[in-house]
Amino acid sequence: FVLYSPEDSKYLYEIPGEEETTQSFIDPLDPDFQRFPLYRYARPMAVVLEEGQAILIPKGWWHYAVSLDPSITVMRNFYNARTNTKGLVEFMLRSLSKDMPKGSNLSKLNQR
């Protein structure tokens, strides 16, 4: 993934007319600085996920996803602050606590 903070929005050349998502004309793997000169001020963050890992991208953050190896990817935008915030946090804590040693802080959080 290549991620950009909402603060970088002014450098990412939003495609006008997109109502459901925010998208950019820029290919972060091959940016055209002639066409998009402000992009040089953006601060991309690269994240590589390993098998079995997931990423949660906060609302307002820009992201670009690419597979480095042949793979099957399942993506779902399942988080909605009005309906399932508690369920999402509980799910993540349960998943993470399985691998944590007994008595760790994360295990204690999961017991609340």
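These numbers come from a predicted model, not from an experiment.

### What about a nonpolar patch on the surface?
Here comes step 1: Residues Leu29, Val48, Val66 and Leu68 make up a contiguous nonpolar surface patch of about 410 Å² in total accessible area.
Here comes step 2: By secondary structure assignment, the location of Val66 is in the loop between β3 (62-64) and α1 (85-97).

### Remarks on the packing of aromatic side chains
Here comes step 1: Tallied over the full model, the rule gives four aromatic pairs.
Here comes step 2: Cluster of aromatic residues (ring-pair linked, three or more members): Tyr4, Phe33 and Tyr39.
Here comes step 3: Taking NZ or CZ as reference, Arg35 lies 5.9 Å from the ring centre of Phe25, over its face.

### Some remarks on the sheet that holds strand β2 (residues 45-46)
Here comes step 1: In space, the three strands of this open sheet follow the order β2-β1-β3, with antiparallel pairing throughout. Each edge of the open sheet is held by one strand with a lone partner, namely β2 and β3.
Here comes step 2: The pairing of strand β1 (residues 2-4) with β2 spans two bridges and is classified as antiparallel. When the bridges of β2 are listed, Leu3 appears paired with Met45.

### So, the side chain of Asp8
Here comes step 1: Looking at the secondary structure, you find Asp8 in the loop between β1 and β2.
Here comes step 2: In this structure Asp8 comes out as buried when scored by relative accessible area, which is 0%.

### Quick look at the side chain of Ser5
Here comes step 1: Mapped onto the elements of the fold, Ser5 is located in the loop between β1 and β2.
Here comes step 2: Relative accessible area serves as the criterion here: at 13%, Ser5 is assigned to the buried category.

### Side note on the nonpolar core
Side chains of nonpolar character tend, in soluble globular proteins, to be buried together.
Here comes step 1: One finds Val2, Tyr4, Tyr11, Leu12, Ile26, Phe36, Tyr39, Ala42 and Trp62 forming the largest nonpolar core, which totals nine residues.
Here comes step 2: Discounting chain neighbours no more than four positions away, the residues touching Ile26 are Tyr11, Leu12, Tyr13, Pro31, Phe36 and Tyr39.

### Structural notes on the environment of Ser67
Here comes step 1: In this structure, Ser67 sits in the loop between β3 and α1.
Here comes step 2: Note on Ser67: relative accessible area 42%, which makes it partly exposed.
Here comes step 3: Reaching out from Ser67, the side chain makes a polar contact with the backbone oxygen of Asp69 at a distance of 2.4 Å.

### A short note on unusual backbone geometry
Here comes step 1: Unlike most non-glycine residues, Tyr13 shows phi in positive territory, near 50°.
Here comes step 2: For Tyr13, the location among the structural elements is in the loop between β1 and β2.
Here comes step 3: Relative accessible area serves as the criterion here: at 24%, Tyr13 is assigned to the partly exposed category.

### Details of the environment of Trp62
Here comes step 1: Positionally, Trp62 belongs in strand β3.
Here comes step 2: Between the C-alpha atoms of Trp62 and Gln23, which are 39 residues apart in sequence, the distance is 7.9 Å.
Here comes step 3: Setting aside anything within four residues of it in sequence, one finds Trp62 in contact with Val2, Leu3, Tyr4, Ser5, Ser9, Leu12, Glu14, Thr22, Gln23 and Ser24.
Here comes step 4: In this structure the side chain of Trp62 is engaged in a polar contact, spanning 2.8 Å, whose partner is the side chain of Ser9.

What counts as what
- Residues numbered from 1 in each chain as written.
- Predicted model: local features only at pLDDT ≥ 70, side-chain atom pairs only at ≥ 80, totals over all residues.
- Heavy atoms only, no water.
- Patch = residues over 30% accessible without salt bridge, like charges linked within 9 Å, V, L, I, M, F, W, Y side chains within 5 Å.
- Areas by Shrake-Rupley, 256 points an atom, 1.4 Å probe, with all protein chains shown as cover.
- Salt bridge = Lys/Arg side-chain N within 4 Å of Asp/Glu carboxyl O.
- Helix = DSSP H or I, 4+ residues; strand = E, 2+ residues; numbered from the N terminus.
- Phe/Tyr/Trp six-rings, centres within 6.5 Å; stacked < 30°, edge-to-face > 60°.
- Lys NZ or Arg CZ within 6 Å of the ring centre and 35° of its normal.
- Pairing = 2+ DSSP bridges.
- Buried < 20%, exposed > 50% of the residue type's maximum accessible area, 1.4 Å probe, protein only.
- Core = buried A, V, L, I, M, F, W, Y, C linked by side-chain atoms within 4.5 Å.
- Contact = heavy atoms within 4.5 Å.
- Polar contact = N/O pair within 3.5 Å; in protein donor to acceptor, adjacent residues only side chain to side chain.

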